[in-house]
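# Structure at a glance
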Amino acid sequence: MNINSEKHDQHYLIHLDGDLDASSCLLLDQAIATGLEKGEKKILINCQLLNYISSAGLGVFMSYIQEFENTNTDMVIYGLKDKVNNVFQILGLDQLLKIVNTQEEAIQIIRL
Amino acid sequence: MNSKIFFRIYTLTAILCWLLICGIEYLKFNLHFQVSDTVTRIFLTVFYVLVFLIFKMQVGGKKIGNFNEYLWQVFVVGGSTILVSLLLKLGAYFLNIDQFANSLLWVNIIYHINTALMVVFLANGFYVWKKLILYQKHKLTQSAWSVFELLVLLSAFTNFLNSEIYSFKFLIASLPLTFLGLFLSFNLKWVAFLNYKQKWQSIAIIFLILVITFTYLQQVFVYRLDNTILVNMANNTFTIANFAFLLINCIASFLVLLFHLPTSSVFEQKFGEVMIFQKLSQTISMGDSEDEVYKMLLESSITTVMADAGWLEIVNEKGNYEAFLNREINEFDIFEIKKVLRKNSISIDADPHYIKDVKSYSHADRIQALPYKSIIMIPLTSNNQKLGTLVLLKNVIDGFDKEMVDIIFSFVSQASVALKNFRLVKEALGNERYKEERKIAKEVQKSLFPESLMLNINLEIHAFTKAADEVGGDYYDIYKYSDTKLIVVIGDVSGNGTSAAFNMAQMKGIFHSLVQLGLHADEFMNYANNALSKCLEKTSFITLSIFYIDTENQTIEYARAGHCPALYFSKQTQESSYMQSKGLGLGIIRSKEYFKHIQRCELHYTTGDILVLYTDGIIEAHNKEGEEYGYDRLKSVVHLNHEASTKQMGDAIIADVYQFTETKFLADDYSFFIIRFI
């Protein structure tokens, strides 16, 4: 699992590459926490290369839902593969998280 | 038993012989009865030999413990016999009545008493020295002694020669005895085994023994000149040889002891070091704690090299402090020393390091003020793994010589081995306990699943669960609300292993509490979410599907909280489909908002329909290429087996999953729960 984060003019972008499981989910948690600490209000998560997400990985996203609401932070997930998207949907996280197909759509949402 | 009897026979015979000698004297002097001197000599000789045999048994039977005790015995026997003999003399002096003084009988009786006491003293001394001489014996020494002992006993028969002490005959008889006696006297191995204090004690006792021996000798020579004595002691190789033997040995031992005194402290020190080694290696087998090993290492090292202070640091596998022991130095001073060493870029735990004189280092005054001048640092390692460091300090320059450093090195390596072994043993025990506990957890979790599934005659149920570890996060349960109403639940706790298993147990508790309230499916989820919000950790959640089955009206009311959608096979249409509905996992939103995200659904079933519940372990099982088993494969295996029993269908699913993954082990927990409506 590779997780890279980069700072853009308008947003903070996190790239996920590989399998997000119990061991690698800590890296994601760190990446999001770092962004929040820096005061980022617009976070994009690129999941184009995300191959698999375990319940622990979902748990990381889930644990930030409340915090995002409290700090008025926007987080948009894009580029989910069908298989991974299905996992989000079954759990019902698609009702709580902003999930779109492309980066353009994602940028559009955070500009609103 | 046998030897006891002999001992008694010897003792009685010896006493009898002595009484007979006295009786003969009585006959001679009072009754003027002529008895040949030879008869007296026979009894005397038998008496000598018997007394020696008695002491041979008495001393020989004792176990060697402390050499000083033996010497002490010689002194006590000698002292008490000489005391008795002196008291007799004193008594004779006070009772200085003519008839006694001039009575030949009286003089001779006194003489015989003295002789008896002296023989006892000599016999005791003889056999005690035998023990000492034969301590750690060679074969040669042993044989020489046997010959010597035989000769000495034989010499008792020289009584009959009655030759003058300075005569040629006497000399010839005593030559072999003298040589052997001298040869044996130099076997003084026992001296080396005494410590300093014991050597001084031995010297004192031997001196006293010498005094006693000379007193007896003096008596012998006084009597020799006395013509009233018929059977003279001094004209006897046996007596003289024994005196000579005792004297030579006493003097030899005395001198050897004296010369050994200066070296005995070194010997003791070496002996102490060996003992410490032994103790260090024994600490493990004796079941002492690691702390004992630390304490022993530090204390033995400090005392052995006479260091002024020292400390021992022990670290665990991760490099964190596990123990810290200090002697004669406080933590602040240690901190100060370490700071100075660091400033001089000396790492106390990298390699052994010896600072002969701190003077040549920067900030030396800070250590000198404490006041220490030489420091030695030795790390404890095992297989390149760092265990800790031992540091010793002295307030003299170059206080640790090579010998000391060597001995400390051997202590440290011995202790390192001991510590490593200790940790290995502990680890092995820990693993064993862990395994045992996991086994128990597995048993406990097994009991959380329903015992019986046969609760309604209109339902044919088969269920199966398998955890990736000993315990897992999958959960299913069934509750009989009434004869026609059943509630089935299936769920999956996020994560797996022990923490998931605990949450699964909580879920069971919540299920059994809420299910009795007669709630609707969506209300159940709402309450469950509420309850779990309070007890699940932040990143944990539970997916759950609940089915209220009414066999009377043939309806199913259900709600899906983030769990994989159930697969439904309709007999009528001969088609199977996943029951899609809106529903958020439990514990994801921990507020009153949850009810917005859950949906209650209802359907009518007909006889022959099949409901397949499962967990995501089945869907997400993947093969070597990383491809998931997926929903379509499950759907087709269910479809293929819709006419088989639920048990057969379950077996078919398992077989299909394993055939797909081509392995015996799945990464996740997986379960299914199949219901056929009949």
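Note that the coordinates shown come from a computational prediction; the quantities given were computed from them, not determined experimentally.

The next thing to look at is the overall build of chain A. Along chain A, the regular secondary structure elements total four helices and five strands. Sequence-ordered secondary structure for chain A, helices as α and strands as β, is β-β-α-β-α-β-α-β-α. Out of the 112 residues belonging to chain A, those deemed buried represent 39%. Nonlocal contacts in chain A, meaning residues at least 24 apart in sequence, comprise 71% of its contacts between residues at least 6 apart.

We now examine the overall build of chain B. Helices and strands together make up the secondary structure of chain B, namely 18 helices and 15 strands. The 678 residues of chain B split such that 37% are buried.

The subject of this paragraph is helix α3 (residues 67–94) of chain B. Each turn of an α-helix holds 3.6 residues, which means side chains three or four residues apart point in the same direction. A rise of 1.5 Å per residue sets the reference length of α3(B), with its 28 residues, at 40 Å; its end C-alpha atoms lie 40 Å apart and thus fit the reference within 8%. Those residues of α3(B) lying buried are Phe67(B), Tyr70(B), Leu71(B), Val74(B), Phe75(B), Val77(B), Gly78(B), Thr81(B), Ile82(B) and Ser85(B).

Once that is clear, we can look at the environment of Val489(B). Residue and element names in this part refer to chain B. Relative to the helices and strands, Val489 is located in strand β8 (residues 485–493). Put simply, Val489 and Leu544 are 55 residues apart on the chain and 7.0 Å apart in space, counted from C-alpha to C-alpha. Sequence-distant contacts of Val489, that is, excluding residues within four places in its chain, are made with Tyr476, Asp477, Phe511, Leu544 and Ile546.

The subject of this paragraph is the packing of helix α1 (residues 25–37) of chain A against helix α2 (residues 55–71) of chain A. Two quantities define a packed helix pair, namely the angle between the helix axes and the distance between the axes. All names here are of chain A. One way to put it is that α1 packs onto α2 with a least axis distance of 9 Å and a crossing angle of 20°. With respect to α2, the element α1 is oriented roughly parallel. Seen from above, α1 lies across α2 with right-handed handedness. Contact residues: Cys25, Leu28, Asp29 and Ile32 in α1; Ala56, Gly57, Gly59, Val60 and Tyr64 in α2. Residues that form the contact of α1 with α2 fall into these classes: six nonpolar, two polar and one charged.

A few words on the environment of Ser185(B). All names here are of chain B. Looking at the element boundaries, Ser185 is found in helix α7 (residues 168–185). Sequence separation of Ser185 and Ile248 is 63 residues, and the distance between their C-alpha atoms is 6.9 Å. When residues no more than four places from it in sequence are discounted, the contact partners of Ser185 are Ile248, Asn249 and Ala252.

The next thing to look at is unusual backbone geometry. All names here are of chain B. The omega torsion of the bond from Leu370 to Pro371 falls at 5°, within 30 degrees of zero and hence cis. In this structure, Pro371 sits in the loop between α12 (364–368) and β4 (374–382). One non-glycine residue with positive phi stands out, namely Asn384, at about 65°. The topology assignment puts Asn384 in the loop between β4 and β5 (385–394).

One broad rule of soluble globular proteins: the nonpolar side chains tend to lie buried together. All names here are of chain B. Counting 101 residues, the largest nonpolar core has Val488, Met525, Ile546, Val612, Leu613, Ile618 and Phe672 as its most contacted members. Apart from residues no more than four positions distant in its own chain, Leu613 is found in contact with Tyr476, Ile490, Ser545, Ala566, Phe672 and Phe673. Of all hydrophobic cores here, the second largest spans 58 residues; its members include Phe47, Leu50, Ile82 and Val152.

What follows deals with the sheet that holds strand β3 (residues 353–355) of chain B. Residues and elements named next belong to chain B. Across the sheet, five strands lie side by side as β2-β1-β5-β4-β3; this open sheet has antiparallel pairing. A single partner strand is all that each edge strand has here, and the edge strands are β2 (321–327) and β3. Sheet twist, expressed as the mean angle between neighbouring strand axes with direction ignored, is 10°. Sheet topology places β4 next to β5; nine bridges connect them, and they run antiparallel. Opposite Ser382, over in β5, you have Gln385 as the bridge partner. Packing against the sheet, helix α13 (residues 402–446) makes contact with β3, β4 and β5, and its axis sits at approximately 30° to β4.

Once that is clear, we can look at the pairing of β2(B). Residues and elements named next belong to chain B. By the bridge criterion, six bridges tie strand β1 (residues 309–315) to β2 in an arrangement that is antiparallel. Within the sheet, the bridge partner assigned to Ile314 lies in β2 and is Ala323. Hairpin connection of β1 to β2: five residues between the antiparallel strands, including Gly319 at a positive phi of 90°.

This next bit is on the pairing of β1(B). Residue and element names in this part refer to chain B. The buried count for β1 comes to six of seven residues, which makes it a mostly enclosed element. Relative to β5, β1 runs antiparallel, the two sharing six bridges. Directly across from Trp311, in β5, lies its bridge partner Val391.

Here the focus is the sheet that holds strand β3 (residues 42–53) of chain A. Residues and elements named next belong to chain A. Read across the sheet, five strands follow the order β1-β2-β3-β4-β5 without closing on themselves; strand pairing throughout is mixed. The sheet is open, and its two edges are formed by β1 (2–7) and β5 (98–100), each paired on a single side. Neighbour to neighbour, the strand axes of the sheet diverge by 20° on average, direction disregarded. Where strand β2 (residues 12–20) lies against β3, eight bridges are found, and the strand directions are parallel. Following the sheet pairing, Gly18 is matched in β3 by Leu50. Running at roughly 10° to β1, α1 makes contact with β1, β2 and β3 of the sheet.

So, about the confidence of the model for chain B. For chain B, the average pLDDT comes to 85, and 93% of its residues sit at 70 or higher. Note on the complex model: pTM 0.54, ipTM 0.88.

The next thing to look at is the environment of Glu537(B). Summarising the element assignment, Glu537(B) is placed in the loop between α15 (521–535) and β9 (542–550). Linking Glu537(B) and Gly587(B), residues 50 residues apart in sequence, is a C-alpha distance of 9.0 Å.

Turning next to helix α14 (residues 498–514) of chain B. Residues and elements named next belong to chain B. Under the 1.5 Å per step criterion, the end-to-end length of α14 is 25 Å for 17 residues, consistent within 8% with the ideal 24 Å. Within the span of α14, buried status applies to Ala500, Ala501, Asn503, Met504, Met507, Ile510, Phe511 and Leu514. Residues of α14 that are buried sit in contact with α13, β7 (474–480), β8, α15 and β9.

Residues and elements named next belong to chain B. Across the interface, α14 lies against α15 with an axial gap of 10 Å and an inter-helix angle of 140°. Judged by the inter-axis angle, α14 sits oblique to α15. For the pair α14 and α15, the sense of crossing is right-handed. Contacts between α14 and α15 involve Gln506, Ile510 and Leu514 from the former and Phe524, Tyr527, Ala528, Ala531, Leu532 and Cys535 from the latter. Tallied by class, the residues present in the contact of α14 with α15 amount to eight nonpolar, one polar and no charged.

How each quantity is defined
- Within any chain, residue numbers begin from 1 and follow the written order of that chain's sequence.
- Whichever chain is written first is A, and whichever ligand is written first is 1; the rest continue in order.
- Residues qualify for local features only when their pLDDT is at least 70, as the model is predicted, and side-chain atom pairs are given and counted only at 80 or more; totals for whole chains, interfaces and linings, by contrast, use all residues.
- Runs of H or I in DSSP of at least four residues are treated as helices and runs of E of at least two as strands, each being numbered from the N terminus.
- Any residue whose C-beta has 12 or fewer other C-beta atoms within 10 Å is treated as exposed, any with 20 or more as buried, and any in between as partly exposed, C-beta atoms being built from the backbone.
- Note that contacts rest on C-beta atoms placed from the backbone: two residues are in contact if these are within 7 Å.
- The length a helix should cover is 1.5 Å for every residue beyond the first.
- Axis definition: a line fitted to C-alpha atoms, over the contacting stretch in the case of helices. Angles run 0 to 180 degrees between N-to-C directions.
- When describing relative orientation, an angle under 35 degrees is termed roughly parallel and one over 145 degrees roughly antiparallel, while 65 to 115 degrees is termed roughly perpendicular and anything else oblique.
- In this scheme the crossing of two helices becomes right-handed for a clockwise turn of the near helix relative to the far one and left-handed for an anticlockwise turn of less than a right angle.
- Three categories are distinguished: nonpolar for Ala, Val, Leu, Ile, Met, Phe, Trp, Tyr, Cys and Pro, charged for Asp, Glu, Lys and Arg, and polar for the others, with Gly belonging to the last.
- As used throughout, a nonpolar core is a set of buried Ala, Val, Leu, Ile, Met, Phe, Trp, Tyr and Cys residues joined through C-beta atoms within 7 Å of each other.
- When DSSP finds at least two bridges between two strands, those strands are taken to pair.
- Each residue carries a pLDDT score, the predictor's confidence in it, ranging from 0 to 100.

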